[in-house]
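The primary structure of each chain is shown beneath.
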Amino acid sequence: MDAHEDYVWPRATSELILLPVTGLECVGERLLAGEGPDVLVYTLDFGGHLRMMKRVQNLLGHYLIHGFRVRPEPNGDLDSEVMVAAFGSKGLRVVKISWGQGRFRELWRSGLWNMSDWIWDARWLEGNIALALGHNSVVLYDPVVGCSLQDVPCTDRCTLSSACLIGDTWKELTVVAGAVSNQLLVWYPAAALKDDKPVAPDRRVSGHVGVIFSMSYLESKGLLATASEDRSVRIWKVGDLRVPGGRVQNIGHCFGHSARVWQVKLLENYLISAGEDCVCLVWSHEGEILQAFRGHQGRGIRALAAHERQAWVITGGDDSGIRLWHLVGRGHPGSGVSSLSFKSRSRPGVLKAVTLAGSWRVLAVTDAGALYLYDLEVKCWEQLLEDKRFQSYCLLEAAPGPEGFGLCALASGEGRVKVVPINTPTAAVDLTLFPGKVHSLSWALRGYEELLLLASGPSGVVACLEISAAPSGKAIFVKERCRYLLPPSKQRWHTCSAFLPPGDFLVCGDRRGSVLLYPSRPDLLKDLGVGGKIGAITSAPGAGSGEGEPPLAEWGPVSTLPSLHGKQGVTSVTCHGGYVYTTGRDGSYYQLFVRGGQLQPVLRQKPCRGMNWVAGVRMVADGSMVILGFHANEFVVWSPRSHEKLHIINCGGGHRSWAFSDTEAAMAFAYLKDGDVMLYRALGGCTRPHVILRESLHGREITCVKRVGTITLRPESGVPSFLQPDHPEPGEPVEPGSEGPGLIDIVITCSEDTTVCVLALPTATGSAHALTAVCNHISSVRAVAVWGVGTPGGPQDPQPGLTAHVVSAGGRAEMHCFTIMVTPDPSPPSRLACHVMHLSSHRLDEYWDRQRHRHRMIKVDPETRYMSLAVCELDRPGLGPLVAAACSDGAVRLFLLQDSGRRLQLLAETFHHKRCVLKVHAFTHEAPSQRRRLFLCSAATDGSLAFWDLTTLLDQGSPALEVAVDPGLPFQLGSPCLTLQAHSCGVNSLHTLPTREGHLVASGSEDGSLHVFVLAVEMPELEEAVGGAELLPQLQVLEEYSVPCAHAAHVTGLKILSPSLMVSASIDQRLTFWRLGHGEPTFMNSTVYHVADVADMDCWPVSPEFGHRCALGGQGLEVYNWYD
C-alpha cells in the first residue's frame, strides 16, 4: 500500500540496539565495535579501563557491520584523526573522524555504496579501497568520487566463504580466497591485461575438509592461518605472498575447538582463534594452546581484535557482550599445581586431612596424630605437635580470617577437641566434649570481636565453644558457651556455620540438607520470646568447660528450612548484604533472608551446567559473587556475572580432603592426592585479569519482551549510563527526555537460554543495564506476565522504586512465580538494585506425580510447552489472580495464584482448540450499572479465535465449570462464548483495546495478514431470564476487516495504541503503523529495524515529552521511540 501524505506521522526512530557484535578493530588506544549498523567507539587506557566515547547510529544503513579498515597515515599518527572504511554485507561507507582530547567528532561521511556482491574484505591502496567480493572478484573503489575504478574477476568464479587482501599498491595486491570447495585460491588482480578480463589462480591450496571462514596473514614471518568449519585451525608457511609461484607448506594443524571456528588472527608471538563454542584460544605458532578464554554465551564469538603492544585480546559475541582479555605475561597468572613433598622418612604416618590458614600456610595431620605446618615463604614442613589420642581418626579445621587468626582445631573419635595456636602450639587447649565420636567441626567469626567453634557429637548435639585470647597473646581461653540440638535424621551432624549480622543468630547447615537458625547466646531467647529449651542432658564425666559445673541445656533451632538442599547436605553458609547464601551438593545455591527470627527462601539458582557439588560462595572486591564447586573430577571457581570458569583444578573430585582460601593477594586450593599435599595458587585472588567492556544480554534468541513500569530517579541519584552522551554544540537541538528527572523503564526479557533478565532502559542515554537474571527454568522461557505493579512500602508508605509480581513459563511445562523490587542504589553503574524473591513453581508432570489416583489418569506429556501467558486479575477480595496459559498440547489452562503468589494451583483446562494454542489475551468489560466482567481470548494454529467469559466460569455453582471425571484432575471449561475463524494459519500476535462501541480486537498471522474487528458485549435484559436462570453475556462482531498482505512474513508483534492507531512488527523486519477507525486499516508508514527473527514486541507511553517506546526482541533487542 502506498502511504497517504496526510499520515506520515508518527515516525519511529531507533534509540538502542543490542545485537551480536560482528566487527572489532583496535585503532591506537581506541576500539571500534560494530553492532548491527551502529559503531561503538571506546577509549582504552593503559590500565585496561574503558570509557565509551560515542555511539554512531545507522552508519551502514540496513547492513550489518562486519569489519573496519583504517587508512594508514604516513606519520603513523592515529590519535587525532583517522579515515575509517566500514563494510558489511553489500554495503560500504567511509567516514573521517576526530577523537583527540577525549572528544569524538565526525568530520566527513561518504555516501552508502551498495555493491553488487557480498564484501569479504577491504584494503586501502594509496587513497583508494580494494574490495574482495563474494564471487571471487576484486573492485578498486574511489571513496571520494564514489565510483569503481577497476573490476577484475578470477577465472574460478566460485562462491567464497572468506577472503584476505594483501599488499599496499594495486600492482602487488594479492587475493587469498576461501572457496566453497574447501580450497585456498591465490591470485593477482594486477595480472589482468585488460579490465574485466578474468585472472587465473596462481596457486590452489588444499587441506581443510570444511568451509574456510577466516584467514590471517603475518607478513613478517610469512605465515598464513586459516579457520574452518572442520573445527580446526591450520598454519601455513607461505613466505611472501606478493611474489607469485611461492611454495606453501602446512606446518600446523591445531585442534582445540569443539565447534566451527569463525575467526583467526595472527600476531608476532601468538595465534588467536574464536568459534561457535564461545571459546577464544591462544596458541603458539607451533600449535600449543597457551590460554583459553571462556565467558561468552550462546552461538559463538563473532568478532576478534588484538592490541599487540598492550597484549590485549578483545572478543565480541552473539550475546552482545564485548570482553577484553590479557595475554600470557600480562595480569596475574596462577602458579599452577605443585606438590609440597610431604612424604619423608622423618614424617611417619599417612596424611588424613589438610586445611589452609590463609593463603600462605598449609596445615596437615597424619594418622599418627601429628600436626604439620608448611609455610610457603620458608618452603619447608614443620611439626607443631603430636598427640596419640588423635591418631587413626582426626578432623582438622583452621579458623577463618585473613590468615586464619593463627588457630586451628583437631577432633578425635573419642569426643576430644584440641584448639591449637599455630604460632605457639604448646599453648593448645584440650577438652572432652562428648562420650563418642566428633562428627564435624566448623568455625564462626563475627568481625574481629567474637570467634566460636562448633563441634557435632553423638545424637545431634552441637557444642558451641567460645575462643578468646589472653592479653599477652601467648595463651587462649576456651569456654563452652552452650549446646544446640539438631533435628532428628539418620546422619545427624552439622556441616557449616556462620554469624548472621549483627551477631544475634547463628545460621547452620546440616548433613540432612536443612538450614537452621540458632541464637548465638541462650539468653537471647528470653529477649526475643522465640524458641525454647529442648531439654538438658547430663554431660559425660569430664565434659563441659570445667568440673563441677552444671550440665548445659540443649537448645533447638528457632527456625528451620528442612531438606532445603536435598539428602546430600549443606556445604557452606555465607552472610552478606543482609542475605544468607547457602550451597549444597544438590548443585544449587540459595539466597535467604531472616525476618522476625524466621528463615525465608528468596531465590534458588544453579551455577554452570555439570557442577553438581556446589562447595561455597565468595564475595569479591567489585561486589560480585563467585561460586566454588566440583565439576566431575575438577574443582572450579565460576563467575555468575561473566559466566566463565575463572579457575579449573584437576584435583580428582571433592570426596578427598581439600581446603580453599581466598585473599586479596592470592587464591589457594590444597588437596590430598597420592599421599601428598597438592597446592594450587593464583595471584590476585579469585578474579581473572579481564575487563567486561559490555555486559552480555542473552546467549540465545529473545522470545518475550514485557515492560514492567517506570522509575523516576532524582537528579542527585544520577542518571545511570555507561554511555555518556556528548554535550551538544551551540545551536544543536537537545533531545527530549535528556533534561530533568531521569526516567528509567524496567523491562523483562525471556530467552531460549533458560533465563529471565531484568533490564533498565534510561530514556535519556540510549543505554541498557542488566540488573539481574533469574535462572530457575530447566528449558527455554517463552512467555512472561506481570501484575501487581507498585512501589516499595505499598500505598500507605510509598518509597522510591518499583515492585511487581512476575510469572514466567516455557518448555517442559514449567512455570515460576517471583517478585522483583527495583530500588535506587548509588553503588552500581546502573544506579539501581534489583532484588528477586522466588515464590512458587509448577510443573505438569510433577503435579501428576503428586496425585493419589494417577494410575487412572493419562500422564501429561513432559515436552508440553507454554506458548503464552495472560494474567486475569479478579475483583474478589482474598482471591488471587488467574494465570491463563496457551499450551502446545492443545490446552488452555487456568492457574490460580494464592497467598500473594506463594501457591500456584492448576484450576481448570480445556482442549477446545484440539491443536497447539499460540496466544492468550485477557481483557475486562466495564459498563454503567453492570457487573465488571473478565474475558479471555485464545488463538490456535488453525487461525481460530475463541472467547471465554471467565466471570461466569468462576461463579459458584456455574454450570460452565464442569467437574472433572476423575478426582484430582482440574475442572473442565465449557464451550466458549464465541469462536471466530480470523486467519487461515497460526495466530502469532493478539491484542485488544476497549472503545465506546465495545472492544477493538486485532490479530496477526503466520501468512503476514492482519485481522481487525469490533467486538460488542451485550447483556440480556432481566425479563429475558427464564426460570431464574443466570444472565450470560452475548458477544457479537460488529465490524470486521482483513489486510491479507500486511507483511511479507509472520506477524509476531501487534499493539493497538489508540482507536485510530495500531503498530505491527514482523519477521520481515518492518515496524509498520496503521490508521484505524475509517474502515479497513490504512498503511501509514514503515520503519526497517535490525533485529532478525522478532518473536515479541511491547509498546508503552513514557511521557508527553518523550512519546512512546517500543521494544523488539528476537536475535537481539532494539528499542524505538516516536512522538504523537
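Residues numbered from 1 in each chain as written. Predicted model: local features only at pLDDT ≥ 70, side-chain atom pairs only at ≥ 80, totals over all residues. Heavy atoms only, no water.

1. Some remarks on the overall build of the protein
Thought 1: Summing up its helical and strand segments, the protein has three helices and 89 strands in all.
Thought 2: Here the protein holds 1124 residues, and 57% of them are scored as buried.
Thought 3: Counted over contacts in the protein with a minimum sequence separation of 6, partners at least 24 positions apart contribute 51%.
Thought 4: Accessible surface, the protein: about 46000 Å² in total, of which carbon and sulfur atoms supply 49%. (Helix = DSSP H or I, 4+ residues; strand = E, 2+ residues; numbered from the N terminus. Buried < 20%, exposed > 50% of the residue type's maximum accessible area, 1.4 Å probe, protein only. Contact = heavy atoms within 4.5 Å. Areas by Shrake-Rupley, 256 points an atom, 1.4 Å probe, with all protein chains shown as cover.)

2. Notes on the side chain of Ser412
Thought 1: Its location among the elements puts Ser412 in strand 36 (residues 407-412).
Thought 2: Within the local environment of Ser412, its side chain forms a polar contact with the backbone nitrogen of Glu414, the two atoms lying 3.3 Å apart.
Thought 3: Filtering out sequence-adjacent residues up to four positions away, Ser412 remains in contact with Arg389, Phe390, Tyr393, Lys437 and Val438. (Polar contact = N/O pair within 3.5 Å; in protein donor to acceptor, adjacent residues only side chain to side chain.)

3. Focus: the pairing of strand 24 (residues 271-275)
Thought 1: In terms of burial, strand 24 is largely enclosed, as five of its five residues are buried.
Thought 2: Side-chain alternation along strand 24 places Leu271, Ser273 and Gly275 on one buried face and Ile272 and Ala274 on a second face that is also buried.
Thought 3: Two elements, strand 23 (residues 261-266) and strand 24, share five bridges in a ladder whose sense is antiparallel. Residue Lys265 lies in a different strand from strand 24, and its bridge partner there is Ile272. (Pairing = 2+ DSSP bridges.)

4. Let's talk about the pattern of salt bridges
Thought 1: Tallying each qualifying case throughout the model produces 39 salt bridges.
Thought 2: Measuring nitrogen to oxygen at the nearest pair gives 2.8 Å for the salt bridge that ties Asp745 to Arg1109. Note that Asp745 is positioned in strand 62 (residues 742-751) and Arg1109 in strand 88 (residues 1107-1114), a separation of 364 residues in sequence.
Thought 3: With a relative accessible area of 0%, Arg1109 lands in the buried category.
Thought 4: The network of salt bridges with shared partners includes Arg446, Glu449, Glu450, Glu466, Arg481 and Arg521. (Salt bridge = Lys/Arg side-chain N within 4 Å of Asp/Glu carboxyl O.)

5. Looking at the sheet that holds strand 51 (residues 589-595)
Thought 1: Read across the sheet, four strands follow the order 49-50-51-52 without closing on themselves; strand pairing throughout is antiparallel. At either end of the open sheet lies a strand with only one pairing partner, and these are strand 49 (570-576) and strand 52 (598-605). Here the strands of the sheet are splayed against their neighbours by 25° on average, with no regard to which way each runs.
Thought 2: Here strand 49 runs beside strand 50 (residues 579-584); their pairing, made up of six bridges, is antiparallel. Along strand 50, the bridge assignment pairs Ser572 with Thr583. (Axes fitted to C-alpha atoms, helices over the stretch in contact; angles between N-to-C directions.)

6. Comments concerning the environment of Ala227
Thought 1: Relative to the helices and strands, Ala227 resides in strand 20 (residues 223-228).
Thought 2: Sequence separation between Ala227 and Lys265 is 38 residues; the distance between their C-alpha atoms is 9.3 Å.
Thought 3: In this view, Ala227 contacts Val211, Ile212, Phe213, Ser214, Ser232, Val261, Gln263 and Val264; residues no more than four positions away in its chain are not counted.

7. A few points about the environment of Ser181
Thought 1: Checked against the element boundaries, Ser181 lands in the loop between strand 16 (174-179) and strand 17 (184-187).
Thought 2: The exposure class assigned to Ser181 is partly exposed, which follows from its relative accessible area of 43%.
Thought 3: Measuring from C-alpha to C-alpha, the distance between Ser181 and Ser206 comes to 9.0 Å, with 25 residues separating the pair along the chain.

8. Focus on the confidence of the model for the protein
Thought 1: Mean pLDDT for the protein: 85, with 88% of residues reaching 70 or above.
Thought 2: Low pLDDT, under 50, characterises residues 1-7; the stretch is placed with 13 contacts to residues that sit more than four places away or in other chains.
Thought 3: Under a pLDDT of 50 for its full length, residues 329-334 has, in the predicted model, nine contacts with residues more than four places off or in other chains. (pLDDT = per-residue confidence, 0-100.)

9. Observations regarding the nonpolar core
Thought 1: In terms of nonpolar packing, the biggest core is built from 61 residues, with Ile746, Ile748, Met815, Ile820, Leu832, Tyr866 and Leu869 touching the most fellow members.
Thought 2: Among the elements that take part in this core, strand 65 (residues 781-790) stands out by supplying six residues, more than any other.
Thought 3: If you look at the next biggest cluster of nonpolar residues, it comprises 25 residues, including Leu896, Ala908, Leu954 and Leu973. (Core = buried A, V, L, I, M, F, W, Y, C linked by side-chain atoms within 4.5 Å.)

10. Focus on the sheet that holds strand 1 (residues 13-18)
Either a parallel or an antiparallel arrangement is found when strands of a sheet pair, and the pairing is made through backbone hydrogen bonds.
Thought 1: Judged by pairing direction, the sheet is antiparallel, and its four strands sit side by side in the order 1-89-88-87 without closing on themselves. Of all the strands in the sheet, the pair left with one neighbour each is strand 1 and strand 87 (1096-1103). Each adjacent strand pair in this sheet contributes to an overall mean axis angle of 20°, direction not counted.
Thought 2: When strand 87 meets strand 88, the two strands line up antiparallel, connected through seven bridges. Bridged to Cys1099 within strand 88 is Cys1110.

11. What to know about the packing of aromatic side chains
Thought 1: Counted by the stated rule, this structure contains 22 aromatic pairs.
Thought 2: Seen in terms of ring centroids, Tyr374 and Trp381 are 5.0 Å apart; in terms of plane orientation they differ by 55°. Their pairing is tilted.
Thought 3: By relative accessible area, Tyr374 is classed as buried at 9%.
Thought 4: According to the relative accessible area criterion, Trp381 is buried, its value standing at 12%. (Phe/Tyr/Trp six-rings, centres within 6.5 Å; stacked < 30°, edge-to-face > 60°.)

12. Digging into the side chain of Glu29
Thought 1: As for its placement among the helices and strands, Glu29 is situated in the loop between strand 2 (21-27) and strand 3 (30-35).
Thought 2: Judged by its relative accessible area of 13%, Glu29 falls in the buried class.
Thought 3: A distance of 2.3 Å separates polar atoms of two side chains, one belonging to Glu29 and the other to Arg309.

13. Concerning unusual backbone geometry
Thought 1: Cis rather than trans, the peptide bond between Pro501 and Pro502 has omega equal to 10°.
Thought 2: If you trace the backbone, Pro502 turns up in the loop between strand 43 (494-500) and strand 44 (505-510).
Thought 3: The backbone of Asn136 shows a phi angle near 65°, a positive value even though the residue is not glycine.
Thought 4: Mapped onto the elements, Asn136 comes out in the loop between strand 12 (128-133) and strand 13 (137-142).
Thought 5: What makes Asn136 buried here is its relative accessible area of 1%.
Thought 6: The residue Asn182 is not glycine, and still its phi comes out positive at about 70°.
Thought 7: Mapped onto the secondary structure, Asn182 falls in the loop between strand 16 and strand 17.

14. Thoughts on the environment of Met1097
Thought 1: In this fold, Met1097 is placed in strand 87.
Thought 2: Remark: the alpha-carbon pair of Met1097 and Leu1054, spanning 43 residues in sequence, is separated by 7.1 Å.
Thought 3: Apart from residues lying up to four places away in sequence, Met1097 is in contact with Gly1053, Leu1054, Lys1055, Val1063, Ala1065, Leu1071, Cys1110, Ala1111 and Leu1112.

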